[in-house]
Amino acid sequence: MNYTSYQPLLKGIGFTAIVAAVGFLLAMLPLLNQVGPLATAILLAVMYRHFFGYPESMRRGIHFSAKKLLRLAIILFGLKLNINVILQEGFPLLLKGTVVIVFAIGLMLFFAKLFDADRSMMALLGIGTGICGASAIAAVTPILKAKEEDTAISAGVISVVGTLFAIGYTLIRPLLPVDAEAYGMWAGISLHEVANVALAGEPAGDEGLGMALVAKLSRVFLLVPFSLLLIWFMKKRGTEESRSSIAFPWFLVGFILMSLFGSFVNGSFLTIPATAMNAISKLTSFILTMAMVGLGLSVSLHDVRHRALKPMLLLIVTSILLSILTYWII
């Protein structure tokens, strides 16, 4: 197969990389640095589609980024999960994480029925709120067979709302009658993204930030058992044809293996330099952003106006109630 046959693939991948890079650069600017590169890049992709249309000549590569690179990012994301820390903290932390997941998903689905909101998007937002934001949404998309447009909109919405809540946490922290560790626990078990938790936990010092990240990692840890439970549920409730079409998400096996490697191999049998681990972390974020650009190009602003406003408002309400609940159980 010659180079010409690969052109649509390479051009599409390159295009998502360029938009992702611009997103990272813009995210260094004031205000946008609080939103983050992922949401910024998704917005760029949506605006490109709105003004210039979908780049059909690059569809193959864009689709590759949205599907294959998305799974690669989830696998690499496993390196950020230190299973040792979760095991040391024990059952109570996992129990709190389970309560958060059940509450967030259950409330979003209840709101979807009560207010006639888009059920697919509400389910994705509930899962993202309960577990780990856009990463969780990306992980369950193949299981739920969600549309690329729903995935992109949900990832963008949860990134923006999560950032606003993280900033809000830092503003009200001085007013709260809790110590740094309790505040960190609250931020870790209630906020959406790992980045949101880091942003909110940093003002609480090393102890507060450490507790925040440990609490958040307990929810990331639950992504795998939740996904397996979701596969079982989808197969149980589907028709014979739909049951056979639900493929096992093998990238989650990669996620587990990378978690085991980072937790038990790295530092014990061999040591990857901190600079290399930091580079891998940044690469993971960039690949995930490329994937979200691919998804964002499938989004129509017309549909966003008609479908995303209600889910976003209900997400804000759910996040407020989740913050109250988790503050009470810390």
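Residues numbered from 1 in each chain as written. Predicted model: local features only at pLDDT ≥ 70, side-chain atom pairs only at ≥ 80, totals over all residues. Heavy atoms only, no water.

A. Representation of the overall build of the protein chain. Check the secondary structure of the protein chain and you find 18 helices and 0 strands. In terms of its C-alpha atoms, the protein chain occupies a principal-axis envelope of roughly 60 × 55 × 50 Å. Relative to its full complement of 330 residues, the protein chain shows a buried share of 48%. Relative to all contacts within the protein chain whose residues are 6 or more apart in sequence, the contacts with residues 24 or more apart total 80%. Entry remark: accessible area of the protein chain is about 15600 Å², with carbon and sulfur atoms responsible for 70%. On the protein chain, the mean spot of the 24 positive side-chain charges and the mean spot of the 16 negative ones are 8 Å from each other. (Helix = DSSP H or I, 4+ residues; strand = E, 2+ residues; numbered from the N terminus. Buried < 20%, exposed > 50% of the residue type's maximum accessible area, 1.4 Å probe, protein only. Contact = heavy atoms within 4.5 Å. Areas by Shrake-Rupley, 256 points an atom, 1.4 Å probe, with all protein chains shown as cover. Lys, Arg positive; Asp, Glu negative; His and termini not counted. Charge placed at Lys NZ, Arg CZ, Asp CG, Glu CD.)

B. Spotlight on the nonpolar core. Ranked by size, the top nonpolar core spans 88 residues in total, and within it Ile 127, Ile 131, Tyr 169, Leu 191, Phe 226, Phe 255 and Met 292 carry the most contacts. Element by element, the count of residues in this core is highest for helix α9 (residues 148-172), at 9 residues. With residues near it in sequence (within four places) discarded, Phe 255 still touches Ile 74, Ile 75, Phe 77, Gly 78, Leu 81, Val 220, Leu 223 and Val 224. Counting 9 residues, the second-largest nonpolar core is a separate cluster that includes Val 85, Val 100, Ile 189 and Met 211. (Core = buried A, V, L, I, M, F, W, Y, C linked by side-chain atoms within 4.5 Å.)

C. Summary view of the layout of surface pockets. Roughly 850 Å³ of internal volume is contained in the largest pocket. If you go around the largest pocket, you meet 31 residues; those closest to its centre are Gly 36, Pro 37, Lys 80, Ala 195 and Ser 285. Elements represented by at least two residues in the lining of the largest pocket include exactly α2 (32-35), α3 (37-52), α4 (59-77), α8 (133-144), α9, α11 (194-201) and α16 (274-296). In terms of residue count, the dominant contributor to the lining of the largest pocket is α16 (6 residues). Its residues assigned to classes, the lining of the largest pocket comprises 17 nonpolar, 11 polar and 3 charged. Considering only enclosed or pocket space, the second largest pocket measures out at about 600 Å³ in volume. (1 Å grid on protein atoms, 1.4 Å probe; cavity = no way out; pocket = protein on both sides within 12 Å on 5 of 7 lines; lining within 4 Å. Points joined across faces, edges and corners; volume = space filled by probe spheres on them. Nonpolar A, V, L, I, M, F, W, Y, C, P; charged D, E, K, R; others polar.)

D. Region of interest: helix α6 (residues 91-114). The first and last C-alpha atoms of α6 sit 34 Å apart over 24 residues, in line with the 34 Å expected at 1.5 Å per residue. The set of residues buried in α6 consists of Leu 93, Gly 97, Val 100, Ile 101, Ala 104, Ile 105, Leu 107, Met 108, Phe 111 and Ala 112. Elements in contact with the buried residues of α6: α5 (83-89), α7 (119-130), α10 (180-190), α12 (205-221), α13 (223-237) and α18 (309-329). (Expected span 1.5 Å × (residues − 1).)

E. Looking closely at the side chain of Thr 163. With respect to the secondary-structure elements, Thr 163 resides in helix α9. The contact partners of Thr 163, leaving out residues within four places of it in the chain, are Gln 34, Val 35 and Asn 196.

F. Looking closely at unusual backbone geometry. Despite not being glycine, Asp 116 shows a phi value in the positive range, around 55°. With a relative accessible area of 65%, Asp 116 lands in the exposed category. Unusually for a residue other than glycine, Lys 145 sits at a positive phi of about 55°. The topology assignment puts Lys 145 in the loop between α8 and α9.

G. How the structure looks around a nonpolar patch on the surface. Together, Leu 87, Ile 256, Leu 257, Leu 260 and Phe 264 make up an exposed nonpolar region whose accessible area comes to about 430 Å². Top contributing element to the nonpolar patch by residue count: helix α15 (residues 251-265), with 4 residues. Structurally, the position occupied by Ile 256 is in helix α15. Residue classification places Ile 256 among the partly exposed positions, given a relative accessible area of 34%. (Patch = residues over 30% accessible without salt bridge, like charges linked within 9 Å, V, L, I, M, F, W, Y side chains within 5 Å. Salt bridge = Lys/Arg side-chain N within 4 Å of Asp/Glu carboxyl O.)

H. Structural detail: the packing of α11 against α12. Their axes nearest at 9 Å, the elements α11 and α12 cross at an angle of 160°. Looking at the two axes, α11 sits roughly antiparallel to α12. Pair α11 / α12 crosses with right-handed handedness. For the pair α11 and α12, contact is made by Val 194, Val 197, Ala 198 and Gly 201 and by Gly 205, Gly 208, Leu 209, Ala 212, Leu 213, Lys 216 and Val 220, respectively. For the contact of α11 with α12, the residue count by class is 7 nonpolar, 3 polar and 1 charged. (Axes fitted to C-alpha atoms, helices over the stretch in contact; angles between N-to-C directions. Parallel < 35°, antiparallel > 145°, perpendicular 65-115°, else oblique. Left-handed = near helix turned anticlockwise from the far one by under 90°.)

I. Seen up close, the environment of Val 317. Within the fold, Val 317 resides in helix α18. A relative accessible area of 36% means that Val 317 is categorised as partly exposed.

J. The arrangement of the pattern of salt bridges in detail. This model, assessed by the stated rule, comprises 2 salt bridges. Between Glu 56 and Arg 59 there is a salt bridge whose closest N-O contact spans 2.8 Å. Assessed through its relative accessible area of 40%, Arg 59 is described here as partly exposed. Here Lys 67 and Glu 148 are joined by a salt bridge, their closest N and O atoms 3.9 Å apart. Here the residue Lys 67 occupies a position in helix α4, and Glu 148 occupies one in helix α9, the gap between them amounting to 81 residues.

By themselves these figures say nothing about function.
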